[in-house]
Structures are given as structure tokens and as C-alpha cells.
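Take a look at the letters that make up each chain.
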Number of protein chains: 2
Amino acid sequence: VTPDRLAPAGVLGPRSARVRRARRLTGRSAREESGLFLVEGPQGLREAVRRPDLIEEVYVTAVAANRYPGLVAEAVAGGADVVAVDDDALVSLAETVTPQGVVAVCRTVTVPLLVAVAGAPRLVALLVEVQNPGNAGTVIRCADASGADAVILTAGSVDPHNGKAVRASAGSLFHLPVATGAGLQEAVRACRGAGLTVLAADRHADLDLDDAERARLLDAPTAWLFGNEAHGLAPAATALADHTVRVPVYGAAESLNLAAAAAVCLYASARCQRRDPAVSS
Amino acid sequence: VTPDRLAPAGVLGPRSARVRRARRLTGRSAREESGLFLVEGPQGLREAVRRPDLIEEVYVTAVAANRYPGLVAEAVAGGADVVAVDDDALVSLAETVTPQGVVAVCRTVTVPLLVAVAGAPRLVALLVEVQNPGNAGTVIRCADASGADAVILTAGSVDPHNGKAVRASAGSLFHLPVATGAGLQEAVRACRGAGLTVLAADRHADLDLDDAERARLLDAPTAWLFGNEAHGLAPAATALADHTVRVPVYGAAESLNLAAAAAVCLYASARCQRRDPAVSS
């Protein structure tokens, strides 16, 4: 029996065992051990309460409970354990500069690779050793918006349950299957096994996105490989792809940032796949 | 005569008057008063040395001077005053967690609105009250990459010379004209006067980007209006546009983030404007 189980109900402070245990989830190893992660803020909670299978606990200040009564009620109805905390406890769980009074604990959302690409996917984003959590989350959001069926992050990538990644995904982490932990070769093999053409986004490619569109390469079900934000894709990675494609740079910039390049590529595929053949030909 | 003019040549520390004066440029008001701003890191310096008309001073540690001898030589050849500083002085000028030993002082790059849209522009990005410096810099980079002729930030927007904006632009701040300070109505009037169709990116628009392409709206010279990252464009802003267009969201995401949406819109215009009529029709 841990001390907090004996503690009376009431408003928990930052040193309560329960808050301390939740705070450990800001670290990757604690998330991996427990299979739990933190979702901060009312926007995140709004997504989390739609998934009663995932939401476990909600830590909320009195002010926030009064500000978001509907969300708190939905969390309770969904079976989450809603716990009142004081401001110091909330701040200790939050990672933003101006926390908004609520942090949820959810089960991690990642799925096995073969689950992510099951069911005839049309569009998949495959991130190869992406390091920046904001980039990872933003690409997950872009993939969701573009109608992608899944996102895969290879082994060596940032954890998509990292707080910054969760916030950058703006809820999209809950919207589409995300797989982590597989090596690049295994991930590419799974995509190809799911019937996907594999295109590598590489700024040194001969073929640009407009050429690829004209050659009808973007009409097929596609997995897009995107490389690390600093180094792009290694030659060994582009060698695994069916084609290597660059986003054309018309100005003096050396390249686009990862998330913008991913958005342009994923939307190009979405547009070409959905285009009415009678209009476009 | 200020104290530092009397000081002997040598390695400056963080409390030298010169370093303290440069450090003030981390603040917007000092930048506006002096017409100077800071460019941090070797990548930024590489862009700055290509503009001898803009670079004024370079603060560099001994280690960095030895690491980037070619850049230091180019700065000297371009007429910049190259000043050796100790590590503490460099850290006091730098805004990144791991500074790379060099910070340049450059003249601010912004131009008057009518200069930015001079010369029959084909593509302009107009940011309306954008607040986040990383977003502003990333959109400037995307605009550059897409071949845009200029970027306009309306009055009430973040300063593009902010350190985070400069770094996010990855050099693009030096590549294309950027205008600041005009009100939205004045900016729209200038764009229209330059022959640009004005399209407002608004996620509530009826017309989506694919519709706009099919209707050939994207083939004309265009100024794109992009709203604040939190609130988008106000109705008064969209009312000024010729058409309001949304990036289609095919998944469950509510929207794209500002920079990704701007990248998708700007690249759609670039593609349609450059498309070979014989191939596409």
C-alpha cells in the first residue's frame, strides 16, 4: 500500500506520491515502463476524453475545473480518475510556460508496425530518425490533415509521446495509427508488403515533385520517407525507395524545413490520389 | 568618446561596453532605434557575409575563428569589424542553448512596402499579425523556397529580426524583400496595385485549394493572406480578399499549423503559375 492510497481525498500538492509518479512521465523511460503519457491543456484533454479506452487520470486545478466543466464531466463519464491538485502540483506536471490547469494521463497510443499499415493504406508518412519532438508532432498533424492512414517513426526517433510532440500534434496523435521502434528496412518492407510505392523526399534528388506528378508517380498508394531535420536521408535510406523526389526550390533557400516539406509532399499525394481523372487529363 | 573606444584591442569580455551595446539588440526597441540586428551562428554568418552592404560587426571566439577561417576572412574583406570575444561574452550575445561561437551585427533588412511589391511580383506572402517568431521565420523560409517575390508582415506582427525568427528563416531573411509596419488595408491595397490577386487562407472558406486550382484562380499573380497562428484571419481581413480559400483537411485534424498551411498554399501557386499549359490542360 503506497502512502497516497492512505491519504484522504482532497487537493494534492506537488509532493504527493501520486503527483510525483505522474511527473515521472515527463521522461521517456518512465513512459516506456508504464505505458502511460501526459497530455497537457484543455485542447489535449478534449481529444483524450474522446478516447475513454486511453484516458486514465486527469489532474486539474479548481480554477480549471470550473472553467472546463464539460470536459471534466466527460472525463469522469469515460471512467477517468479526476484528481484535484493545487497550482504548484499542476505546474510541476506541466511543461509549458503558462499551463492551463489540466494534465491528463493516458495510455500510450502507438501500435505495432503491421497494425499501422493494415487495411490497404493509401498514404503513409515514414520518419527516419527524426530528433526534434516539435517536428515529429507537426508532421503527425500534417499527416492527419492530408488524410494519411498512418505515421511510422523508425527506431532512433524521438518518442511521439514527448510533451512537445504531443502539443505540436494538436490532437492528431489520437487520430491516426502511429508506430514506433521498427528499423528502417523493416518499416520499408512492411510498407511495400502493404502495396505502397516508397518515395524518399531528398533535396538532392533529380526528380522534383512536379515531375513526379506529371509522371503519375503520385497517384499510387504511397509511403513517403522523410529524413532527420539536420542531415536528411542517408544514401542507404534513399536506396531503399522506389524513387527519390525533391520538393523544388524556386528561390535562394537551401531547402524547406522538415514539417513544411512533409506537408507539401503529403498534400501533393493527397491531391493526385483524389483527383478526378476526367478533369485532370 | 565611449570607454570602449579607448580600450586596447584584445579579447572582449561580457561587460565591455561594446558587447553590452550589441547585447541590447536582443530587444526589439534597441533594434528599431539602431537599425541593427543580431545574426547568430555560422550558417547565419555565411548568409550575412554575402551582403557586405548589411554586415557591420562580427563577434567571434578564438575557437570559432579557427573553426570558420574562411567566413572570418570574408567578413573582414567585406568591411565588417571582426571582434574577438571570450566565451562568456559570446554566450551573453547568443540566444541558443549551444551557441556556435559567432554572432554578427547586421543592418536590418526590411524595406518599404512599395519597394517589396515593386517590379511585377508573381507571388507574395502577407502575414497578418503573426506573433510567434519561429512561425514568422519559417514562413519567410517557405516563401523563399517557393520562389515568392516578397513577404509582408502587417503592423502588430512579430519583428522578423527577432533572433528566433532569424534562425527559423535559415538565411531566407537575406534572400527576398521583407516589409513590416504597414496596416492590413494599406498592404492589401499595395498588393492589388501591383497587379496581384488577393487570396485569403482561411480554414472556414467554402472554396478549397483544389477547387481554386481547377478554377484557374492560382495561375494569376497572387498575394496570399495568412492569419495569426491562434486566431486565423478576422472576418474584416478575409473581406479584403478577392477569394477565400482553405487548405483541405482530409483527416480528423482541425487544421494545419501556420507554416505548413503557408507552404502548401505557396507551393500550389508556384506549381500552377509555372505549369506548362500544353501538359496540364
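Look above for the structure.
Analysis parameters
Residues numbered from 1 in each chain as written. Chains lettered and ligands numbered in written order. Predicted model: local features only at pLDDT ≥ 70, side-chain atom pairs only at ≥ 80, totals over all residues. Heavy atoms only, no water. 1 Å grid on protein atoms, 1.4 Å probe; cavity = no way out; pocket = protein on both sides within 12 Å on 5 of 7 lines; lining within 4 Å. Points joined across faces, edges and corners; volume = space filled by probe spheres on them. Helix = DSSP H or I, 4+ residues; strand = E, 2+ residues; numbered from the N terminus. Pairing = 2+ DSSP bridges. Axes fitted to C-alpha atoms, helices over the stretch in contact; angles between N-to-C directions. Least-squares fit on C-alpha atoms with pLDDT ≥ 70 in both. Contact = heavy atoms within 4.5 Å. Buried area = accessible area lost by both parts, 1.4 Å probe. Salt bridge = Lys/Arg side-chain N within 4 Å of Asp/Glu carboxyl O. Polar contact = N/O pair within 3.5 Å; in protein donor to acceptor, adjacent residues only side chain to side chain. Nonpolar A, V, L, I, M, F, W, Y, C, P; charged D, E, K, R; others polar. Buried < 20%, exposed > 50% of the residue type's maximum accessible area, 1.4 Å probe, protein only. Right-handed = clockwise from strand over helix to strand, strands pointing away. Phe/Tyr/Trp six-rings, centres within 6.5 Å; stacked < 30°, edge-to-face > 60°. Lys NZ or Arg CZ within 6 Å of the ring centre and 35° of its normal.

With that settled, consider empty space enclosed by the protein. Counted according to the given criterion, the structure contains four cavities of 30 Å³ or more. Put simply, the largest cavity is a space of about 190 Å³. Lining of the largest cavity is provided by 15 residues; of these, Val 264, Ala 268 and Arg 271 of chain A together with Val 264 and Arg 271 of chain B occupy positions nearest its centre. Counting only elements with at least two residues in the lining of the largest cavity, the list comes to α12 (209–214) and α14 (258–274) of chain A together with α12 (209–214) and α14 (258–274) of chain B.

Residues and elements named next belong to chain B. Read from one edge to the other, the open sheet built from four strands follows the order β1-β4-β2-β3, with strand pairing classed as mixed. At either margin of the open sheet sits one strand with a lone partner, and together these are β1 (36–40) and β3 (81–84). Strand-to-strand twist of the sheet, defined as the mean angle between neighbouring strand axes without regard to direction, takes the value 20°. Here five bridges tie strand β2 (residues 55–60) to strand β4 (residues 102–107), and the two strands are oriented antiparallel to one another.

Least-squares fitting of chain A to chain B yields an RMSD of 0.0 Å, with the superposition described by an axial translation of 0.0 Å and a rotation of 180°. Both copies of the chain, as the preceding transformation shows, are related through a two-fold rotation axis. Both copies present the same face, since 100% of the interface residues in chain A are matched by interface residues at the equivalent positions in chain B.

Residues and elements named next belong to chain B. A sheet is described by the order of its strands in space; here seven strands give the open sequence β7-β6-β5-β10-β8-β11-β9, paired in parallel fashion. Because the sheet does not close on itself, it has two edges, and the strands there are β7 (178–180) and β9 (207–208). Lying on the sheet, helix α11 (residues 184–193) is in contact with β5 (123–127), β6 (150–153), β8 (197–201) and β10 (222–226); it crosses β5 at an angle near 175°. In the packing of α14 onto the sheet, the strands contacted are β5, β8 and β10, and the crossing angle to β10 comes to about 170°.

With that out of the way, let us pick up the interface of chain A and chain B. In this complex, chain A contributes 32 residues to the contact, which on the side of chain B involves 32 residues. Between chain A and chain B, the buried area comes to about 2,600 Å², and carbon and sulfur atoms account for 63% of it. Summed over the shared surface of chain A and chain B, the result is zero salt bridges. At the boundary of chain A and chain B, one finds 16 residue pairs in polar contact (both at pLDDT 80 or more). If you list the elements that add at least two residues to the side of chain A that touches chain B, you get α9 (133–145), α12, α14 and α15 (277–280) of chain A. Counted by class, the side of chain A that touches chain B contains 15 nonpolar, ten polar and seven charged residues.

Our focus in this paragraph is the pairing of strand β5 (residues 123–127) of chain A. Residues and elements named next belong to chain A. For β5, the tally of buried residues reaches five of five residues, placing the bulk of the element in the interior. Neither face of β5 is left uncovered, since the one carrying Leu 123, Ala 125 and Leu 127 and the one carrying Val 124 and Leu 126 both have all their residues buried. Sheet analysis places β5 next to strand β10 (residues 222–226), joined by five bridges and oriented parallel. Bridging from a neighbouring strand, Leu 126 pairs with Leu 225 of β10. Of the pairings in the sheet, the one linking β5 to strand β6 (residues 150–153) comprises four bridges and is parallel in character. Residue Ala 125 lies in a different strand from β6, and its bridge partner there is Val 151. Of the crossover connections in this fold, the one passing from β5 over α9 to the parallel β6 is right-handed.

Okay, the packing of aromatic side chains next. Taken as a whole and assessed by the stated rule, the structure comprises six aromatic pairs over all chains. On the basis of an interplanar angle of 10° and a centroid distance of 6.0 Å, the ring pair of Trp 224 of chain A and Phe 226 of chain A is categorised as stacked. The pair formed by Trp 224 of chain A and Phe 226 of chain A is uniform in burial state, with each residue classed as buried. Cation over ring: Arg 274 of chain A sits above Tyr 250 of chain B, and NZ or CZ is 3.9 Å from the ring centre.

Spatial relationships are all this shows, so hold off on functional conclusions.
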